Amino acid sequence: MTSTPNPKTYFNHDLTYESAHRATFSPPKKEIPAVLPPNLNQIDFEQAIGEFISAVGLENVFVGEALVDYVDPYDVYEHDEGRRKVPSAAVTPSSTEELSSVLKIANKFSLPLWTFSRGKNLGYGGPAPVLSGSVALDLHRMNRILEVNDTFHYAVVEPGVTWTELYEYCKSHGKKVWPSTPSLGWGSVVGNTLDRGTGFGQNFSHHQSVSGMEIMLADGSLIRTGQFGISNSPSAHLSKFTFGPSIEGLFWQSNLGVVTKMSLWLTPQPEAFMSCSFSVNEFGDLEGLVDAFGVMRRDGTITGAVWVGNILEGLSIYGRRNEFWAGEGAIPENRVKELQQKHGLGYWVAKFGLYGTKRIVQAHFDDIKERLGELVPTGTLTGHFFAADKKGELLDASSIPFEHGNVLAGVPSLMALPLVNWPLKKDGKGKPAHGDYAPIIPSSGKEILDWMRTVKPIFEASGNDLMVDFFMHERHVIVTNMWSFDQFDEGQREAVHGLFMALHEIARERGYGMYRGHVQHMDRIAALNDFNDHAYRRLVESIKDTVDPNGILAPGKQGIWPERYRHHRSA
């Protein structure tokens, strides 16, 4: 009953993406141990596997060595069998009918499933489950683009559709839309959106652009949200309104159901676009930068993403640490200054796009330039303007030079992937990996700068550079504190574990919650929501026990445990 993944299963349309996947999920130094689902013996497990094979086909069920694609490719705890997260098997349905059969089998055997779309939530555990022994429920074969509407500018997709596939579909079919995209285009549109992921265009806050979902509950029944729940509704994907309570939010970062279809609003293809960058040279200039852009995000001057990164994150895209610093550990501040001068780089750089008609884009840029000149006079603003050649035409995103367009114009790539190579030695040995800690902080320059000043020495004490970026929403900022490490180096693994714990303690003291969580730390992060003796968790778990009485769907996800497995909670 053992099958081996076909290397062309995942990205057979793109050999570059396939090669990157194979490098990322290369066999771990430690073999994947054989584990059984909790409370299931070997005989029942083998019977369940046989029934999965009958439901989806032998080539779509994986066990044993074939599970190399279903563990955390960046596992800090790979050598700790007590903490390592591994599945017992994997099953990949291709339709709602097959998915319903899989859920029926899981209910029959009380078999926990770990649901994901493409398994590319890297740095947060990828496809690995919270509860070891769960069966990986891999939805990548449910990959139809059901509709792209360029009158009302939305797409309807299944969970296996990647951002790259959506972009390529829109381009090849001449659709008058610019989809948003996150930094890596190989992830799932649905998976990223459900995890409240962000992109870089006008609709960059993806979960806020959803209108209408189809969800399969644990018993195999289907529900639809909003106007999508009305048969033949012309507003199915146009309005978030519903008659009665809105339930969409119950399925963000949850284990209450399996989303099988989702509509996502897209940016209308504009006449003109300007790629903008604003840089400041000193660490302390960050305060003024945040406050200035915060105002412009709130008053609507800038309607899309404002993405701010520091110099070390910028350098990591172009090389490894040893190419910029010959010493051990973090690059010292005086060397950072030398690199700034040598490469003409700012310490902090804010990047954003402007979209619309030629006159609107230019007027917005002129206003932004004037306001930044008053509020942050030490900074430098640049803008690169692009427009359709003829009046009345729309701008083709692929016509924009990549260095000025790319993710800001909705063009996906794997450009950010080399970041993980930052700590590797000159001999190239080792396995590059990365992680991060991403708290939600008020959009206050003083508060953001204080966070950076507090965590910078903690990063450096662990041997890591402060590699950080953040997305500015209207009133809050998601700060991604990143680290990369050699997964085969025990000292580096211990260092990043300690770094995570130190950052978490600071966030806990300040009341900052996380916007996303690693499968190893979901209970710890969920425990931050402690009002009224964790009333939120108690409510959601009561819903969980009602809609999923056998606890089969992703037990432990986001710290939500069904009654059957509640004793596994770690915090």
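Look a little higher up for the structure.
Residues numbered from 1 in each chain as written. Predicted model: local features only at pLDDT ≥ 70, side-chain atom pairs only at ≥ 80, totals over all residues. Heavy atoms only, no water.

(A) Main features of the overall build of the protein. Across its full length, the protein carries 13 helices and 19 strands. Since a compact globule built from 571 residues should have a radius of gyration of about 25 Å, the 23 Å found for the protein is in line with a globular shape. Structurally, the protein occupies a C-alpha span of about 70 × 60 × 50 Å along its principal axes. A burial count over the protein gives 57% of its 571 residues as buried. The long-range fraction of contacts in the protein, counting pairs at least 24 apart against all pairs at least 6 apart in sequence, stands at 74%. Surface accessibility of the protein: about 23200 Å² in total, with carbon and sulfur atoms responsible for 51%. (Helix = DSSP H or I, 4+ residues; strand = E, 2+ residues; numbered from the N terminus. Rg over C-alpha atoms; globule rule 2.2 N^0.38 Å. Buried < 20%, exposed > 50% of the residue type's maximum accessible area, 1.4 Å probe, protein only. Contact = heavy atoms within 4.5 Å. Areas by Shrake-Rupley, 256 points an atom, 1.4 Å probe, with all protein chains shown as cover.)

(B) Structural context of helix α1 (residues 15-24). When we look at burial in α1, the residues that qualify are Tyr 17, Glu 18, Ala 20, His 21 and Thr 24. Taken down its axis, α1 places every buried residue within 165° of arc, on the same side. Facing away from the buried side of α1, by more than 90 degrees, are the exposed residues Leu 15 and Thr 16. Tucked into the core, α1 has its buried residues touching α4 (163-172). (Arc of directions from axis to C-beta.)

(C) Seen up close, the sheet that holds strand β1 (residues 61-62). Pairing within the open sheet is mixed, and its four strands lie in the order β1-β2-β4-β3. Strands with a single pairing partner mark the edges of an open sheet, and in this sheet they are β1 and β3 (113-116). Two strands pair when backbone bridges link them, and β3 and strand β4 (residues 135-138) are joined in this way by four bridges, in the parallel orientation. Looking at the pairing, Phe 116 lines up with Asp 138 of β4. (Pairing = 2+ DSSP bridges.)

(D) Inspection of the packing of helix α6 (residues 286-298) against helix α9 (residues 358-375) at higher detail. Remark: α6 packs on α9, axes separated minimally by 10 Å, with the N-to-C direction vectors making an angle of 145°. In this structure, α6 crosses over α9, and the sense of that crossing is right-handed. For the pair α6 and α9, contact is made by Ala 292, Phe 293, Val 295 and Met 296 and by Ile 368, Arg 371, Leu 372 and Leu 375, respectively. Here the contact of α6 with α9 is composed, by residue class, of seven nonpolar, no polar and one charged. (Axes fitted to C-alpha atoms, helices over the stretch in contact; angles between N-to-C directions. Left-handed = near helix turned anticlockwise from the far one by under 90°. Nonpolar A, V, L, I, M, F, W, Y, C, P; charged D, E, K, R; others polar.)

(E) Here's a closer look at the sheet that holds strand β10 (residues 258-265). One open sheet accounts for five strands, arranged β5-β6-β10-β8-β9; its pairing is antiparallel. Looking at which strands have only one partner, the edges of the open sheet turn out to be β5 (145-149) and β9 (222-224). Averaged over all adjacent pairs, the angle separating strand axes in this sheet is 10°, with direction ignored. Across three bridges, the pairing between strand β8 (residues 210-216) and β9 is antiparallel. Residue pairing in the sheet places Met 216 in a bridge with Leu 222 of β9. Running over the sheet, helix α3 (residues 96-109) touches β8 and β10 and is turned about 50° from β8. In the packing of α4 onto the sheet, the strands contacted are β5, β6 (154-157) and β10, and the crossing angle to β5 comes to about 50°.

(F) Looking closely at the pattern of salt bridges. All chains considered together, the criterion is met by 23 salt bridges. A salt bridge links Glu 18 to Arg 22, with the shortest nitrogen-to-oxygen separation between them at 2.9 Å. Here Glu 18 and its partner Arg 22 are both found in helix α1, four residues apart, which amounts to about one turn of the helix. Among the salt bridges present, the one from Lys 425 reaches Glu 328, with a minimum N-O distance of 3.8 Å. Taken together, the positions of Lys 425 in the loop between β15 (380-387) and β16 (432-437) and Glu 328 in the loop between α7 (311-316) and α8 (333-343) put the pair 97 residues apart, joining distant regions of the chain. The class of Glu 328 is exposed, set by a relative accessible area of 67%. (Salt bridge = Lys/Arg side-chain N within 4 Å of Asp/Glu carboxyl O.)

(G) Representation of helix α11 (residues 490-510) in the model. With 21 residues, α11 extends 31 Å between its outermost C-alpha atoms, agreeing within 8% with the 30 Å of an ideal straight helix rising 1.5 Å per residue. Its buried side turned inward, α11 meets β16, α10 (445-461), β19 (476-486) and α12 (522-526). Between the side-chain oxygen of the N-cap and the backbone nitrogen of Gly 491 there are 2.9 Å, and the N-cap of α11 in question is Asp 489. Following α11 by one or two positions, Gly 511 has its phi on the positive side, about 80°. (Expected span 1.5 Å × (residues − 1). Polar contact = N/O pair within 3.5 Å; in protein donor to acceptor, adjacent residues only side chain to side chain.)

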